[in-house]
Every structure is written in structure tokens, then in C-alpha cells.
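# Analysis of the macromolecular model
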Amino acid sequence: MRSLYISFISEFYKSRKTLAFWAAVIVPLIICGLIAFGYYTSSEKILKYNYAGMMLWFRYSSAALGVMGMLILPFYVMFMAFSVNNIEHKNDTWKTLFSQPLNKFSIYAAKYLYATMLLLICILLFALLTYSTGYLLQALVPKYTFNDYNPAIILTKFYSKLFLASLGILSLQFILSLVWSDFLKPMGIGFVGTIMGIITANVGWKYAYLIPYSAPTLALRMTAASKGARPEDLPIFTQEVWVSLTYGLVLFIAGYFILAKKNIK
Amino acid sequence: MSQFAIETVGLNYHFGSQVVVKDLSLQVPKGSIYGFLGPNGAGKTTTIKILLNLLKSPADTVFIFGKEINSHRIASLSKMGSLVEQPAIYGHLSGKENLTNRCLLLGINKGKVAEMLSLVGLSEAANKKAGKYSLGMKQRLGIALSLISDPELLLLDEPTNGLDPNGIIEIRNLMIELATKHHKTILVSSHLLAEIERTATHVGIINKGQLLFQGTINELHDLSKPIVKIETDKIEAAQHILSIHGAEILKETGHTIYISYKNKADVGQINTLLVQNGLTVYSIGIERKDLEHLFLDITSKN
């Protein structure tokens with residue numbers, strides 16, 4: 001446990017000055033900032049639709065969730081899984097890392113946990129920023145109806161689903177970046193996978209849920225379909241979330257065995 | 001408790017079908033500076049990686065302080081500091097941060113960082129990004145990283161690579177100090193014998209994965225005993241005279257004959273003897289094979 005903890009702290013220490021770490025903060029800031037800015041500057045156009053509180057929140061949050069779930073999130077996950085491993089590939093430090101008196105599994109698990117934490121920070125910030133900028137807009141443009149509905153539960157559910165649905169991609173990309181030191185292979189596979197995921201999810205292919213890359217899109221699409229029901233009843237653990245979690249767990253364990261068998265060059 | 005810091009017993013290692021290490025039996029006594037010599041590609045780095053458990057060794061072939069490495073990985077590694085190939089340093093972190101990170105990983109007091117930086121003469125460059133260091137500075141940072149945990153056993157793979165003469169002397173003195181004052185065991189690999197000669201107490205010479213010589217530095221010196229080279233016109237007559245005189249003839253080629261050296265007076269006597277018997281002595285002199293040639297001789301044999 002101690003090795004896991006110190007490896008984790010060391011991961012933070014190593015990457016705190018890198019883009020991988022700051023992207024977790026900057027990406028939500030930029031995206032939510034841009035959307036809020038758009039809602040502020042074109043408030044008159046939006047006010048014409050006369051959305052009720054809930055609908056306004058739905059429109060507002062899906063602007064972020066839409067881009068996020070479909071494109072940015074998968075690519076962010078790929079980039080992050082790559083960076084966490086690339087820091088060792090680039091500096092040729094795998095050999096030093098594994099010649100420390102630390103349990104091999106701890107080193108591996110700490111890296112994975114660190115990537116998961118970055119993802120969590122990113123998603124948490126998205127949720128918090130969506131929530132807080134909504135109320136900020138309300139204060140700036142009093143005619144908005146953000147005050148009429150409290151989106152806390154529904155936002156939490158949306159983003160929790162998104163987080164869980166991306167763990168499958170994370171584990172897969174983590175292994176790819178662990179095995180290959182170059183940028184193109186994991187990115188190329190991830191890119192093709194994401195496009196495939198989006199297409200299969202959107203055409204409603206029967207087995208789309210089996211592709212980890214389609215999980216985030218599916219998680220959100222199901223949400224849109226169940227619009228009629230009470231949004232607070234939205235289930236978090238839907239089929240694609242379970243599939244993503246299973247992929248996540250199985251590939252996480254597989255990744256360790258790949259690493260343990262790998263000779264450190 | 002084993003008297004050896006490192007012991008390998010009939011160690012074999014191969015990458016695919018290529019044999020890299022063959023029946024290697026290293027014995028590195030505690031407190032020694034063990035010069036691990038061999039030409040490039042002889043298997044030195046592979047051996048060091050095996051000793052660090054980066055490459056998996058067969059069971060019961062590698063022992064660190066008497067303990068089998070695969071079953072005592074963490075205990076063994078906690079006694080070792082290492083510098084393998086070019087130093088592995090995080091380029092985006094400063095020298096100081098690199099050391100601090102290592103302190104974090106090893107649970108060491110961060111106060112050691114400044115001490116290490118001054119030990120390797122990097123105090124002034126402490127806050128400079130390590131990626132911008134010169135090769136020599138990187139090497140010194142690598143050495144600081146390997147020393148920070150105050151390990152009993154140091155594995156240094158060509159530590160003076162890329163250092164200027166001053167830097168080489170510093171590292172050499174540092175190694176001697178670590179071994180004599182702090183009783184560390186140091187295994188240092190090199191492809192240059194001259195570099196090792198002045199520091200090592202023990203030497204192992206490896207080529208094509210095989211250990212060709214292992215022993216103390218004096219034992220290595222003994223291999224290079226001086227010989228007397230005599231050039232004369234009548235080689236067979238000379239041979240006859242010399243064997244009556246009791247000289248040990250080592251080899252003969254054309255007009256030259258080599259005998260073992262006893263002392264100066266003996267060389268004089270031999271000269272007189274040959275001349276008195278009517279032979280023309282073109283030249284007579286003492287030859288000493290320096291260690292560099294000896295090294296080349298040893299490594300070119302297999």
C-alpha cells in the first residue's frame with residue numbers, strides 16, 4: 001500500500017508541470033467558458049425560445065456534454081494515457097523506475113490510478129463549471145430561467161455515466177501506450193476506434209455496446225432517448241457502463257501481466 | 001552470510017536465439033571495486049540489467065548479498081544504487097526535482113538533495129532543467145541519483161562516459177572514497193582498462209557473454225610478466241645455449257626468441273654467453289605487455 005501511495009505521489013510530482021496534468025484543468029475551463037460566453041453574448045436569441053428551467057439547463061449542459069462525450073473525452077483519455085506512460089518512454093526511465101525497491105504492481109497501478117484521477121478531475125470540473133456558470137449566467141442575464149430548476153442530480157448522473165463509460169477506453173489506451181513508445185500507434189488506433197464507436201453507436205448497431213469506444217456516446221444517447229421519463233430517474237449503471245467497467249478491469253489486469261512479462265530495455 | 005555482494009552461478013541469458021550471457025559466474029567480494037571490463041556489446045549492460053532484475057534471470061543463478069534475486073527482489077534492490085547506460089533523467093524537471101522525486105519514491109529525507117547536488121558539483125545548476133544539461137552533467141546527476149539512497153552496492157555502467165578528464169578523475173576519486181571510507185561495494189563497467197586499472201581492486205573481463213578472466217588486479221598484473229626479447233643470427237644455436245643456461249624459452253619467431261625475465265644481471269649474462277659462443281646479438285631487451293594489450297589479448301582469444 002505504501003509503495004502504491006508513494007508511486008502515486010511521485011506520478012503527481014513528475015507530471016505537475018506537464019500539459020497532461022494541466023489539460024485536465026484547462027480543457028473544461030476553455031469549453032465551459034466558451035459555451036457560457038456564447039450564452040451570454042447571444043442571450044437574446046436564446047431567450048426567444050422561451051425555454052423552461054429544465055429545458056434551458058438541458059440545452060445548456062448538452063452543449064458541453066455533446067462535444068465532450070463524443071470527441072473531446074475519448075481524445076483526452078488517449079492523450080492522457082499516452083502522456084502518463086510517455087514520460088517514462090521519452091526519458092528512458094522505465095529501467096530506473098523498475099530498479100527501485102518498489103513493488104512492480106504498485107508502480108503500474110499508481111500510473112493507472114493517476115490517469116483515472118486526471119480523468120476524474122477533468123469530468124468533475126466540467127460538471128462544476130457547467131453548474132456554476134449556469135447560475136453565473138442567471139445573475140448576468142436575469143431573464144434566463146436557470147433558477148427554476150436545480151440540475152445538481154441530473155448533472156451528477158450525466159457526468160458519472162460519462163466517467164464510468166470512459167474507463168474501458170482508458171484501460172485500452174493505457175496498454176497501447178505502455179507497449180508502444182511512439183505517439184502514432186496508440187493515437188491512430190484510438191482515432192479509428194473513436195470514429196467507429198461514434199458511427200456504430202449512432203446507427204444503433206446491435207453490438208455497438210461491445211466496442212469500448214462507443215460507450216460514452218451510448219451513455220449519452222440513451223440519456224437523450226429517455227428524455228420523456230423523469231430525468232432524475234436516469235439509471236447510471238446501464239449496459240454500456242457495465243461493459244466499459246468490465247473492459248476497464250480486465251484490461252487493467254491484463255496490462256499488468258504485459259508489463260510484468262516485458263523485459264525492460 | 002555470503003562474502004560476496006554479487007554472485008552469479010552459471011548464468012545464461014539469451015534474447016531469442018542470440019546468446020548474450022553464457023555460463024557467467026561473477027563473484028564480487030564485499031567492499032571491492034570490481035571493474036567489469038569488456039568491449040562494446042560484450043554483455044556488460046545485459047548483465048547489469050539482470051543484476052537489477054530488469055531482465056529476468058533463471059532461478060538460483062543470481063545472488064545479491066547471498067539472497068536469490070527473483071525471490072528477494074525488493075530487499076535486493078533496496079541495497080543497490082544503479083546507473084545503467086545513459087542516465088535516465090526526467091528532462092522536464094530540474095536536477096533538484098529529479099533528486100526530490102527519487103527521495104519521494106524511496107522515502108528519503110529531502111535534505112539529502114542538496115548534499116548530493118554538491119557532492120557531484122551540480123549545486124549551481126540545481127534549478128536548471130535536466131534536459132538542458134550537458135552529457136557530463138547528466139552523468140553526474142545520474143550518479144547522484146544512484147547514491148542518494150546510500151546503497152551498500154553500486155552498479156555503475158560506464159559512469160565516466162562523456163565526462164571530461166577532470167570529471168573522470170572526480171568520479172574515480174569518489175569511487176575510491178566510497179569504497180574505502182564508506183565500505184561500499186562498487187561494480188563499475190567499462191570498455192577501457194586504463195580507466196579501471198587505477199581504481200579497481202578486482203577485475204572481471206567479459207567478451208561475447210563469457211567471463212574470460214576474474215581475479216584481483218594483482219592477479220591480472222601477474223599475467224603480464226616481463227619477458228626478454230632477443231634477436232640473433234643463429235636461432236637454433238641460441239636456443240641450445242639458452243636451455244643449457246636454464247632459461248625458460250617462451251616462443252621463437254624467425255630471428256627472435258622470447259624468454260622469461262629473471263633480473264637485469266641475468267639478461268647481461270645471457271648476452272655475454274651468446275656473444276662468447278660466437279653468435280651475433282642484434283638486439284636484446286625487456287618487454288612488458290601493458291594491461292591494455294593484455295586486455296586485447298584476452299578478449300581476442302574467444
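Residues numbered from 1 in each chain as written. Chains lettered and ligands numbered in written order. Predicted model: local features only at pLDDT ≥ 70, side-chain atom pairs only at ≥ 80, totals over all residues. Heavy atoms only, no water.

A few words now on the overall build of chain B. For chain B, the helix and strand inventory stands at eleven helices and 16 strands. Relative to the compact-globule value of 19 Å for 302 residues, chain B shows a C-alpha radius of gyration of 24 Å, a clear excess of over 25%. If you line up chain B on its principal axes, its C-alpha atoms span 80 × 45 × 35 Å. When burial is assessed residue by residue, chain B has 51% of its 302 residues classed as buried. Surface exposure of chain B reaches about 13,700 Å², of which carbon and sulfur atoms provide 51%. (Helix = DSSP H or I, 4+ residues; strand = E, 2+ residues; numbered from the N terminus. Rg over C-alpha atoms; globule rule 2.2 N^0.38 Å. Buried < 20%, exposed > 50% of the residue type's maximum accessible area, 1.4 Å probe, protein only. Areas by Shrake-Rupley, 256 points an atom, 1.4 Å probe, with all protein chains shown as cover.)

Once that is clear, we can look at the nonpolar core. Membership of the largest hydrophobic core comes to 99 residues, with the highest contact counts inside it found for Tyr39, Leu119 and Tyr159 of chain A together with Ile64 and Leu155 of chain B. Looking at which element gives the most residues to this core, the answer is helix H6 (residues 104–140) of chain A, with 15 residues. The contacts of Leu119 of chain A, once residues within four sequence positions are left out, are Leu73, Tyr76, Val77, Met80, Phe163, Ser166 and Leu167 of chain A. Residues Ala130, Leu156, Ile186 and Leu193 of chain B belong to the second largest nonpolar core, which totals 44 residues. (Core = buried A, V, L, I, M, F, W, Y, C linked by side-chain atoms within 4.5 Å. Contact = heavy atoms within 4.5 Å.)

Residue and element names in this part refer to chain B. As paired strands, strand E2 (residues 11–15) and strand E3 (residues 18–24) are joined by four bridges and run antiparallel to one another. In the sheet register, Tyr13 faces E3, and the bridge partner there is Val21. Hairpin connection, E2 to E3: the antiparallel pair is bridged by two residues, and Gly16 has positive phi, about 60°. (Pairing = 2+ DSSP bridges.)

All names here are of chain B. Spatial ordering of the open sheet is given by E4-E1-E6-E7, a layout of four strands whose pairing is antiparallel. Taken across any chain shown, the strands that pair with only one partner, and hence form the sheet edges, are strand E4 (27–29) and strand E7 (67–68). Looking at chain direction, strand E1 (residues 4–8) and strand E6 (residues 62–64) are connected through three bridges and run antiparallel. Within E6, the position partnered with Thr8 by the bridge is Val62.

On to the domain arrangement of chain B, then. All names here are of chain B. Domain annotation for chain B reports domain 1 (4–216) and domain 2 (224–301). Every contact between the two is made by twelve residues of domain 1 and, on the other side, five residues of domain 2. Carbon and sulfur atoms make up 75% of the area that domain 1 and domain 2 hide from each other, which totals about 690 Å². Connecting domain 1 to domain 2 are zero residue pairs in polar contact (both at pLDDT 80 or more). In the side of domain 1 that touches domain 2, the residues fall into eight nonpolar, three polar and one charged. (Domains from an automatic or database assignment. Buried area = accessible area lost by both parts, 1.4 Å probe. Polar contact = N/O pair within 3.5 Å; in protein donor to acceptor, adjacent residues only side chain to side chain. Nonpolar A, V, L, I, M, F, W, Y, C, P; charged D, E, K, R; others polar.)

Now for the side chain of Lys104 of chain A. Within the element layout of this structure, Lys104 of chain A appears in helix H6. The charged side chain of Lys104 of chain A is buried without a salt bridge, its nearest counter-charge being Glu68 of chain B at 12 Å. Setting aside residues up to four positions removed in sequence, Lys104 of chain A forms contacts with Phe98, Tyr256 and Ala260 of chain A together with Asn53, Lys56 and Arg73 of chain B. (Lys, Arg positive; Asp, Glu negative; His and termini not counted. Salt bridge = Lys/Arg side-chain N within 4 Å of Asp/Glu carboxyl O.)

Our next topic: unusual backbone geometry. Residue and element names in this part refer to chain B. Although it is not a glycine, Asp60 sits at a positive phi angle of roughly 55°. Here Asp60 lies in the loop between helix H1 (44–51) and E6. The phi dihedral of Glu85 is positive, around 50°, even though this residue is not glycine. Within the element layout of this structure, Glu85 appears in the loop between strand E8 (80–83) and helix H3 (95–106). Look at Glu85 and you get partly exposed, because its relative accessible area is 32%.

Residues and elements named next belong to chain A. This structure, assessed with the given rule, holds 14 salt bridges over all chains. A salt bridge links Lys111 to Glu11, with the nearest nitrogen and oxygen atoms 2.9 Å apart. A residue pair is termed long-range when its members are at least 10 positions apart, and Lys111 in helix H6 and Glu11 in helix H1 (residues 2–15) qualify at 100 residues. Assigned by exposure class, Lys111 and Glu11 land together as buried. Here Lys111 and Glu88 are joined by a salt bridge, their closest N and O atoms 2.9 Å apart. Of this pair, Lys111 sits in helix H6 while Glu88 sits in helix H4 (residues 53–91); the two residues are 23 residues apart in sequence, bridging distant segments of the chain. Taking the relative accessible area as the measure of exposure, Lys111 reaches 1% and is therefore buried. If you follow the salt bridges from partner to partner, you end up with Glu11, Lys14, Glu88 and Lys111 in one network.

Take the interface of chain A and chain B next. Often the size quoted for an interface is simply the accessible area lost on bringing the parts together. Across the contact, 28 residues belong to chain A and 29 residues belong to chain B. With both chains or domains summed, chain A and chain B bury close to 2,600 Å², and 57% of this area falls on carbon and sulfur atoms. Along the contact surface separating chain A from chain B lie three salt bridges. One salt bridge connects Lys17 of chain A with Glu97 of chain B, and the closest N-O pair in it is separated by 2.5 Å. Where chain A packs against chain B, one counts eleven residue pairs in polar contact (both at pLDDT 80 or more).

Think of a sheet as strands paired side by side through backbone hydrogen bonds, with each pair either parallel or antiparallel. All names here are of chain B. In spatial order, the strands read E8-E9-E10-E5-E11-E12; together these six strands make up an open sheet with mixed pairing. Looking at which strands have only one partner, the edges of the open sheet turn out to be E8 and strand E12 (210–216). This sheet shows a mean twist of 15° between the axes of neighbouring strands, independent of strand direction. In this sheet, strand E11 (residues 202–207) lies alongside strand E5 (residues 33–37) in parallel orientation, the contact comprising four bridges. Within the sheet, the bridge partner assigned to Tyr34 lies in E11 and is His202. Together, E8 and strand E9 (153–157) form the strand contacts of helix H5 (residues 135–147), whose direction differs from that of E8 by roughly 170°. Seen against the sheet, helix H6 (residues 165–180) touches E5, E9 and strand E10 (185–190) and runs at an angle of roughly 155° to E10. (Axes fitted to C-alpha atoms, helices over the stretch in contact; angles between N-to-C directions.)

The subject of this paragraph is the packing of helix H9 (residues 235–245) of chain B against helix H10 (residues 264–276) of chain B. Residue and element names in this part refer to chain B. Interaxial distance between H9 and H10 falls to 10 Å at its minimum, and their mutual angle equals 135°. Between H9 and H10, the crossing angle belongs to the class labelled oblique. Relative to H10, the crossing made by H9 is right-handed. Residues Ala238, Ile241, Leu242 and His245 of H9 form the contact with H10, whose participating residues are Asp266, Gln269, Ile270, Leu273 and Leu274. Of the residues contributing to the contact of H9 with H10, the split by class is six nonpolar, two polar and one charged. (Parallel < 35°, antiparallel > 145°, perpendicular 65-115°, else oblique. Left-handed = near helix turned anticlockwise from the far one by under 90°.)

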